[in-house]
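One letter stands for each residue in the lines below.
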Amino acid sequence: MEMADRKPEDTEASGQKTIADFDPPKAAKTKKFAVACAILASMTSILLGYDIGVMSGASLFIKENLKITDVQVEVLNGTLNLYSLIGSALAGRTSDWIGRRYTIVLSGAIFFAGALLMGFAPNYAFLMFGRFIAGVGVGYALMIAPVYTAEISPASFRGFLTSFPEVFVNVGILLGYVSNYALAKLPIHLNWRIMLGIGAVPSLFLAVGVLGMPESPRWLVMQGRLGDARKVLNKTSSTHEEAELRLDEIKEAAGIPKESNEDIVQVSKKSKGEGVWKDLFLRPTPAVRHILIVGVGIHFFQQVSGIDSVVLYSPRIFEKAGITSYNDKLLATVAVGVVKTLFILVATFMLDKFGRRPLLLTSVGGMIFSLMLLGVGLTVVEHSHSKVQWAIALCIAMVLSNVAFFSIGLGPITWVYSSEIYPLQLRAQGCAMGVAMNRLMSGVISMTFISLYKAITIGGAFFLYAGTSSIAFMFFYTMLPETQGRSLEDMELLFGKYHKWRQANAMLKKKEAAEKSQSA
């Protein structure tokens, strides 16, 4: 029978495709499922954001209520970042052991306990103990959220989804600022305790909600559970063919033959995360060495840009700029949270459209400009005997400009980039190293800001941050290849060539074009 003579029911019965088979709604549905999983995983980052935001105002009341010194305030603000080193260091091995999903649940449970302890703290020592517990939970959350999101996302919109953790950090910061403003008028022995204790509520709901998510398909393959991985990939891919292609790439990266199609296969210990430290540090390939330098370096430079000083101490910065009222300082701080959140939302839609490098370099360039002018404004205010309105306005504008530029690039791209560049077997532990560096430098910056500006003036502190940001710009320009649109399994081909990464990208595109022409 000729094709033209066939009736529609004959075509359907023979298993051939009809026009209806090419309708797009199914792709939209799978995209929504991947987005839902990314949102749930990323919401754990609210915990860190809320703590950063709420401590900026709560520390003012804690200092007055518990009669502590400026040094104790620095220690209180900064030690959560150092404590989170423990969580991020443990998270890599834990996530390889119990899975990405249960590691997210664990992070929420630990932070829940820490927030309750801080809320009921009767004194400074007990408050510091609560900070320790909460810090471990934050370390777990910071490492696992971007890893899970990168591993479950298709390459076509991985940048969009992997930026979600930073989006929710900013949402958390804004909620913390709003909490400061809303609860500031309560009695001083009560307001800061409620501010800190409220953080336990979202962590409980998140821990329960995450149980409804699927496990990372890449972790399932590492365990030899190919059948379960195939089910997850079918839910998060636009077509069955895309799901199978993604599965083949993951199997190849995990050292499993492509022809292995059983639901459960035997895998080597190395595929389960054994021997990772040797491959990262003792005998890395040129590509892995480059990846490690970039993965740790981007986290280092994100923090030495001084962003935590701006966010955590914004009430003090506004006070130095000439705003004296508690209410006005907290209200201006809420404006910082609003701007930061709005611009991170803009960035999520630009990452997969414009690429990582253009946004990152624009972001850091804008931060250098903002920090220089903020230093100028604060220096003018400090050396004036009366209020200089234009300098006050300049300081407020440059604080807002600084967090805006940070949010369109350096903020989200640090987490997107570092979670997507590592090979499969090294990803969890490599990301944990980056998070550890991030938290270490965040702790150093936040614990030294008050002492720093007392030593070299408030304006001098921001000139210093502008200098470190300039070094960051040069590092990013020379060391970071563009990863937009590349699959996680392609990343090693881009690294190890340093300034020749564009040639590697062109080779990959040529290879893809050849494969498409062969399959056509």
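Each value, and the rule that gives it
- Residues numbered from 1 in each chain as written.
- Predicted model: local features only at pLDDT ≥ 70, side-chain atom pairs only at ≥ 80, totals over all residues.
- Heavy atoms only, no water.
- Helix = DSSP H or I, 4+ residues; strand = E, 2+ residues; numbered from the N terminus.
- Buried < 20%, exposed > 50% of the residue type's maximum accessible area, 1.4 Å probe, protein only.
- Contact = heavy atoms within 4.5 Å.
- Core = buried A, V, L, I, M, F, W, Y, C linked by side-chain atoms within 4.5 Å.
- Domains from an automatic or database assignment.
- Expected span 1.5 Å × (residues − 1).
- pLDDT = per-residue confidence, 0-100.
- Axes fitted to C-alpha atoms, helices over the stretch in contact; angles between N-to-C directions.
- Parallel < 35°, antiparallel > 145°, perpendicular 65-115°, else oblique.
- Nonpolar A, V, L, I, M, F, W, Y, C, P; charged D, E, K, R; others polar.
- Left-handed = near helix turned anticlockwise from the far one by under 90°.
- Salt bridge = Lys/Arg side-chain N within 4 Å of Asp/Glu carboxyl O.
- Patch = residues over 30% accessible without salt bridge, like charges linked within 9 Å, V, L, I, M, F, W, Y side chains within 5 Å.
- Areas by Shrake-Rupley, 256 points an atom, 1.4 Å probe, with all protein chains shown as cover.
- Phe/Tyr/Trp six-rings, centres within 6.5 Å; stacked < 30°, edge-to-face > 60°.
- Lys NZ or Arg CZ within 6 Å of the ring centre and 35° of its normal.
- Lys, Arg positive; Asp, Glu negative; His and termini not counted.
- Polar contact = N/O pair within 3.5 Å; in protein donor to acceptor, adjacent residues only side chain to side chain.

Visitor: So what's going on with the overall build of the chain? Residues and values would help.
Guide: If you tally the helices and strands in the chain, you get 25 helices and 0 strands. A total of 520 residues make up the chain; the buried ones form 58% of that total. When contacts within the chain are restricted to residue pairs at least 6 apart in sequence, long-range pairs at least 24 apart make up 81% of them.

Visitor: Explain the nonpolar core to me, and be specific about the residues and the numbers.
Guide: Ile62, Phe462 and Phe476 are the most contacted members of the largest nonpolar core, which has 140 residues in total. Here this core takes 14 residues from helix α6 (residues 124–152), the largest share from any one element. Mapped onto the domain boundaries, this core takes at least three residues apiece from domain 1 (28–265) and domain 2 (273–513). Look past the residues within four positions of Phe462 in its chain and what remains in contact with it is Val310, Ile317, Leu371, Leu374, Gly375, Leu378 and Phe449. Counting residues in hydrophobic clusters, the runner-up holds 8 residues, among them Val35, Ala38, Ile46 and Leu161.

Visitor: Provide a residue-level description of helix α23 (residues 458–479), including the pertinent values.
Guide: An ideal rise of 1.5 Å per residue puts 32 Å on 22 residues; α23 measures up with 32 Å between its terminal C-alpha atoms. For α23, every residue scored as buried is listed here: Ile458, Gly459, Gly460, Ala461, Phe462, Tyr465, Ala466, Ser469, Ala472, Phe475, Phe476 and Met479. The inward-facing, buried residues of α23 contact α15 (286–304), α16 (307–312), α17 (314–320), α19 (356–382), α21 (410–420) and α22 (427–456).

Visitor: Summarise the confidence of the model for the chain; cite the residues concerned and give the values.
Guide: Here the chain averages 81 in pLDDT, while 86% of its residues score no lower than 70. Every residue in residues 1–15 is under pLDDT 50, and counting partners more than four places away or in other chains gives 9 contacts. Note on residues 17–28: pLDDT is under 50 here. Beyond four places in sequence and across chains, it has 5 contacts.

Visitor: I'd like a description of the packing of helix α18 (residues 326–354) against α19, backed by residues and values.
Guide: Running from N to C, α18 and α19 cross one another at 130°; their axes reach a closest spacing of 7 Å. Relative to α19, the element α18 is oriented oblique. Across the interface between the two elements, Met350, Leu351, Asp352 and Phe354 from α18 touch Arg356, Pro358 and Leu359 from α19. Class assignment for the residues of the contact of α18 with α19 results in 5 nonpolar, no polar and 2 charged.

Visitor: Quick one: what's the story with unusual backbone geometry, residue by residue and with numbers?
Guide: In this model, Lys67 sits at a positive phi of 55°, which is unusual for a non-glycine residue. Mapped onto the elements of the fold, Lys67 is located in the loop between α3 (46–66) and α4 (70–98). For Thr457, which is not glycine, the phi dihedral falls at a positive 75°. Tracing the sequence through the fold places Thr457 in the loop between α22 and α23.

Visitor: How would you summarise the packing of helix α12 (residues 226–236) against helix α13 (residues 240–253) if you had to cite specific residues and measurements?
Guide: At a minimum axis separation of 8 Å, α12 and α13 run at an interaxial angle of 135°. Accordingly, the angle class assigned to the pair α12 and α13 is oblique. Remark: the crossing between α12 and α13 carries right-handed chirality. When α12 is examined against α13, the residues Leu226, Ala229, Arg230, Leu233, Asn234 and Thr236 are found in contact with a partner set consisting of His240, Ala243, Glu244, Arg246, Leu247, Ile250 and Lys251. Across the contact of α12 with α13, the residue classes break down as 6 nonpolar, 3 polar and 4 charged.

Visitor: Run through the pattern of salt bridges, naming residues and quoting values.
Guide: Inspection of the entire model under this criterion finds 10 salt bridges. Residues Arg131 and Asp51 are paired through a salt bridge, measuring 2.7 Å at the closest nitrogen-oxygen approach. Of the two residues, Arg131 is situated in helix α6 and Asp51 in helix α3; the sequence distance between them amounts to 80 residues. On the basis of relative accessibility, which here comes to 4%, the residue Asp51 falls in the buried class. Residue Glu151 pairs with Arg100 through a salt bridge whose shortest N-O separation is 3.0 Å. Note that Glu151 is positioned in helix α6 and Arg100 in helix α5 (residues 100–119), a separation of 51 residues in sequence. Residue classification places Arg100 among the buried residues on the basis of a relative accessible area of 0%. Linked through salt bridges whose partners overlap, the residues forming this network are Lys63, Asp70, Arg316 and Lys454.

Visitor: Lay out a nonpolar patch on the surface with the relevant residues and their values.
Guide: Together, Leu186, Leu190, Ile194 and Ile198 make up an exposed nonpolar region whose accessible area comes to about 270 Å². With respect to the helices and strands, Ile198 occurs in the loop between α9 (188–197) and α10 (200–209).

Visitor: Could you give an account of the environment of Val75, with specific residues and numbers?
Guide: You can see Val75 is positioned in helix α4. Relative accessible area serves as the criterion here: at 26%, Val75 is assigned to the partly exposed category. As for Val75 and Met447, which are separated by 372 residues in sequence, their C-alpha atoms are 5.6 Å apart. Setting aside residues up to four positions removed in sequence, Val75 forms contacts with Tyr124, Met128 and Met447.

Visitor: Just give me the short version of the packing of aromatic side chains, but keep the residues and values in it.
Guide: Per the counting criterion, the structure on display carries 10 aromatic pairs. Members of the aromatic cluster, joined through ring pairs, are Tyr313, Phe449, Tyr453, Phe462 and Tyr465. One residue, Arg101, lies across the ring of Tyr102, its end atom 4.9 Å from the ring centre. Sitting above the plane of the Tyr181 ring, Lys185 keeps its charged end 5.9 Å from the centroid.

Visitor: Explain the side chain of Glu215 residue by residue, including any values.
Guide: Looking at the secondary structure, you find Glu215 in the loop between α10 and α11 (217–222). No salt bridge is formed by the buried Glu215, whose closest oppositely charged neighbour, Arg101, lies at an N-O distance of 4.7 Å. Within polar-contact distance, the side chain of Glu215 engages the backbone nitrogen of Arg100 at 3.1 Å. In terms of polar contacts, Glu215 uses its side chain to reach the backbone amide nitrogen of Arg101, at 3.3 Å. Setting aside chain neighbours within four positions, we find Glu215 in contact with Ile98, Gly99, Arg100, Arg101, Tyr148, Leu220 and Val232.

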